[in-house]
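Inside the fold
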Amino acid sequence: MCGQCGLILERAGPVGHLLRVMEGAMLHRGPDSTGFALYGEEPKSGRIVVRTRIADGTGADRVAGRVADEVARVQGQLAGEPDVRMSLGGDAALCRLLVNFDGPPAVLLAAIEGVEGVYVHSMGRRLEIIKDVGTAEQVAARHGVDQFIGTHGLAHSRLATESTVDVEMSHPFWARPYLDVAITHNGQLTNFHKMRRLMSQRGLQFLTDNDSELISVYIAEQLSLGRSLEDALRRSITDLDGVFTYLLSTADAVGCATDPLAIKPLVLSHVAGTVAMATEEQAIRQVFDSELVTEYVREGAVVVWDVARTSRSAVGAHSEPQ
Amino acid sequence: MNRSDSAVRTWPGVPADAVHLDADGLDAREFNRKLQELAQVHDLLAVDNPRARHNLGIGLETGAAHIHFLGSVGYYCGGFNAGAEITVHGNAGWGLGEAMAAGQITVRGSTAWSAGAGMRGGTIVITGDAGPRTGIAMKGGNILVAGTVGFMSGFMAHQGKLVALGGAGDALGASMYEGRIFVAGPVAGLGADAIERDLDGVDLEELRRDLAQAGLAWPAQPLHKIEAEGRLWYFDKHDARIWRNI
């Protein structure tokens, strides 16, 4: 099971709210955890948005202070106070940091995760991954997803199959340490252990032992080798084995790929600059007119949409969640 | 980007005197109970706001009304249909008309996987394309598709007739027991034990009648008839290779 959806808006708008409503219609596909990969607007140069989870929620401010020290140690600096939000009923906190940093993202990542009990969910100029246990409605209410203004994004609700119910195992997964790249996945990889071993031997880093995270790191490696997004997606269909339909987002594009049988469905819909996709058509019908034409993705398909071609410049919108 | 109100739109082919039922706010169980009740007393029904939700129009009884769904439906629409005529003005998700016994389901759009799975009777008409495994394990009735059918359509069919006028994906008719598949247009490949046979006069007469009744045009490209060769019916060690191909 698992339900995922993606959205590209014609211009910057309430992408968080729309994805939350779409994902809410697929609660039956995965009630364990929900996550969002949202893209805000063009940032100031050199600024990186870091989304983390601090395991010790009660001491979150103290831990955030230690993170700031580590950021300073690698020649970065916080652009304002960390935005720490406690999880409702949980003992952990999600934290959003704005960092001015021009060095390699891997250096910043290592510095932040060097602080004990800090897990980085995403880093990007525009990407922000917000994920937690609970339904789309609960996670959105807890972490201000509805207020997020942006151009595009992904959402995922998870039915845990291959690993435990846990915040870090939730989707979307960030393609660490590649800025702005995220994936959501519906399926299981059967050659996960072999690929994970080979990728680890090449020095690639993982946060979890979840099979879906492997897809994001795989894509990051392909992109770092200079391959196009479409090429990376195509290669993944032969390199990955198992049942999979996954969505991929970058600052400029949204793509999808399916295995050669496409048993995990994905419905696509696009009209007048807006692109919507979801595991089930009913998610799309929550927010879009019924006259919109939809189609199922065919087996072994790769589709990539260029956000710039579908989205226009923003009008009076901003990316800071309130 | 507004939630459309299907009641304020005009839908071609839906009579104005149809009795409307709004699916919004009803869970599948409540909705189906109400629909079954209305179908006992009215001949013509229209369902507003189906919003591609699952399990709509399940278990409709013999002699029930003509029901129009104004928009796409989700999975398993028209399952266990025992005689109702259903028209979907949009797409249908997985398992359309699963295990139906009688009646007709017309989809004015496309269908996902496994339309007509295990159906025993009645007719399914799809004006667009049908997904993989259309007519899987069908035990009777007709499935008529104006466009293509996806891979492994007719898989393990027992009886009945599957017609695809726009071509078919790979492994067409794989491991079918009996039944007939008629296909016009490109076929990616036949499945295990599926074989092409010549159409006879009875086939042609039947197809002309079926397509005319469904309002589908006779295909421009020639029709091919696919049946089981029968080599999987009994195990023969000399034929072991075909078993490995399943």
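Residues numbered from 1 in each chain as written. Chains lettered and ligands numbered in written order. Predicted model: local features only at pLDDT ≥ 70, side-chain atom pairs only at ≥ 80, totals over all residues. Heavy atoms only, no water.

Quick notes on the packing of helix α5 (residues 192-201) of chain A against helix α6 (residues 211-224) of chain A
Residue and element names in this part refer to chain A. Condition: Each axis is a line fitted through C-alpha atoms, and for a helix only the stretch in contact is used; angles between axes span 0 to 180 degrees, taken between their N-to-C directions. Helix and strand definitions here come from DSSP, where helices need a minimum of 4 consecutive H or I residues and strands a minimum of 2 consecutive E residues; each element is numbered from the N-terminal end. Should an angle fall under 35 degrees it is called roughly parallel, over 145 degrees roughly antiparallel, and 65 to 115 degrees roughly perpendicular, with every other angle called oblique. Whether a crossing is left-handed or right-handed is set by the direction in which the near helix is turned from the far one by less than a right angle, anticlockwise for left-handed and clockwise for right-handed. Whether two residues are in contact is decided by their heavy atoms: any pair within 4.5 Å suffices. Three residue categories are used. Nonpolar comprises Ala, Val, Leu, Ile, Met, Phe, Trp, Tyr, Cys and Pro, charged comprises Asp, Glu, Lys and Arg, and polar comprises the others, including Gly.
Look at α5 against α6: their axes get within 10 Å of each other, and the N-to-C directions meet at 45°. With respect to α6, the axis of α5 lies oblique. Taken as a pair, α5 and α6 cross one another with a handedness that is left-handed. Taken together, the residues of α6 that come into contact with α5 (itself represented by Phe192, Met195, Arg196 and Met199) are Asp211, Leu214, Val217 and Tyr218. Split by residue class, the contact of α5 with α6 holds six nonpolar, no polar and two charged.

Topic: the domain arrangement of chain A
Where interface size is quoted, it is often the accessible area lost as the parts come together. Residues and elements named next belong to chain A. Put simply, the rule reads: Here the limits of each domain have been adopted from an automatic or database domain assignment. Accessible-area loss on putting two parts together, using a 1.4 Å probe and summing over both, is the definition of buried area adopted here. Counted as salt bridges are all cases of a side-chain nitrogen of Lys or Arg within 4 Å of a carboxyl oxygen of Asp or Glu.
Per the domain assignment, the segments making up chain A are domain 1 (1-42 + 130-322) and domain 2 (46-125). Facing the 19 residues of domain 1 at the interface are 22 residues of domain 2. Here domain 1 packs against domain 2, burying approximately 1900 Å² in sum over the two surfaces, 55% of which is carbon and sulfur. Counting across the interface, domain 1 meets domain 2 through two salt bridges.

Details of the sheet that holds strand β8 (residues 159-164) of chain B
Residues and elements named next belong to chain B. For the record, the criterion: For two strands to be treated as a pair, DSSP must find no fewer than two bridges joining them.
Read across the open sheet, the 11 strands follow the order β1-β2-β3-β4-β5-β6-β7-β8-β9-β11-β10; overall the sheet is mixed. Where the open sheet ends on each side, the last strands, each with one partner, are β1 (19-22) and β10 (194-197). Ignoring strand direction, the axes of neighbouring strands in this sheet form an average angle of 20°. Those strands touched by helix α1 (residues 28-41) are β1, β2 (44-48) and β3 (66-69), and its axis lies near 160° from that of β2.

Section: the packing of helix α1 (residues 15-24) of chain A against helix α4 (residues 136-143) of chain A
For any two helices packed against each other, one specifies the inter-axial angle together with the distance between the axes. All names here are of chain A. Contact pair α1 / α4: the axes reach a minimum separation of 9 Å and the direction vectors enclose 155°. As the angle between them shows, α1 and α4 are arranged roughly antiparallel. Here α1 contributes Arg20, Glu23 and Gly24 to the contact with α4, which in turn contributes Ala136, Glu137 and Ala140. For the contact of α1 with α4, the class distribution of residues is two nonpolar, one polar and three charged.

A look at the environment of Asp102(A)
Residue and element names in this part refer to chain A. To keep things clear, this is the line we draw: The buried label goes to any residue with under 20% of its type's maximum accessible area, the exposed label to any with over 50%, and the partly exposed label to all in between, with areas taken from a 1.4 Å probe on protein chains only.
Relative to the helices and strands, Asp102 is located in the loop between β6 (93-100) and α3 (105-113). On the basis of relative accessibility, which here comes to 69%, the residue Asp102 falls in the exposed class. Put simply, Asp102 and Gln77 are 25 residues apart on the chain and 10 Å apart in space, counted from C-alpha to C-alpha.

Structural notes on the interface of chain B and chain A
How we decide: A 3.5 Å cut-off defines polar contacts: any pair of N or O atoms within that distance qualifies, except that in protein one atom must be a possible hydrogen donor and the other a possible acceptor, and neighbouring residues in sequence count only when both atoms are side-chain atoms.
With 19 residues of chain B at the contact, the number on the chain A side is 23 residues. Buried area between chain B and chain A, both sides added, is near 1800 Å², and the carbon and sulfur share of it is 51%. At the surface where chain B touches chain A, the tally comes to zero salt bridges. At the boundary of chain B with chain A, the tally comes to three residue pairs in polar contact (both at pLDDT 80 or more).

Some remarks on the sheet that holds strand β14 (residues 267-271) of chain A
All names here are of chain A. With antiparallel pairing, seven strands are arranged side by side in an open sheet as β8-β2-β9-β1-β15-β14-β16. The sheet terminates laterally at β8 (127-133) and β16 (294-296), the two strands that pair on one side only. When strand polarity is set aside, the average angle formed by the axes of neighbouring strands in this sheet is 15°. Sheet topology places β14 next to strand β15 (residues 274-278); five bridges connect them, and they run antiparallel. Along β15, the bridge assignment pairs Ser269 with Ala276. Each of β1 (3-13), β2 (33-39), β9 (150-158) and β15 touches α1; the most contacted strand, β1, lies at about 150° to it. The sheet strands contacting α4 are β2 and β8, and the helix crosses β8 at an angle near 120°.

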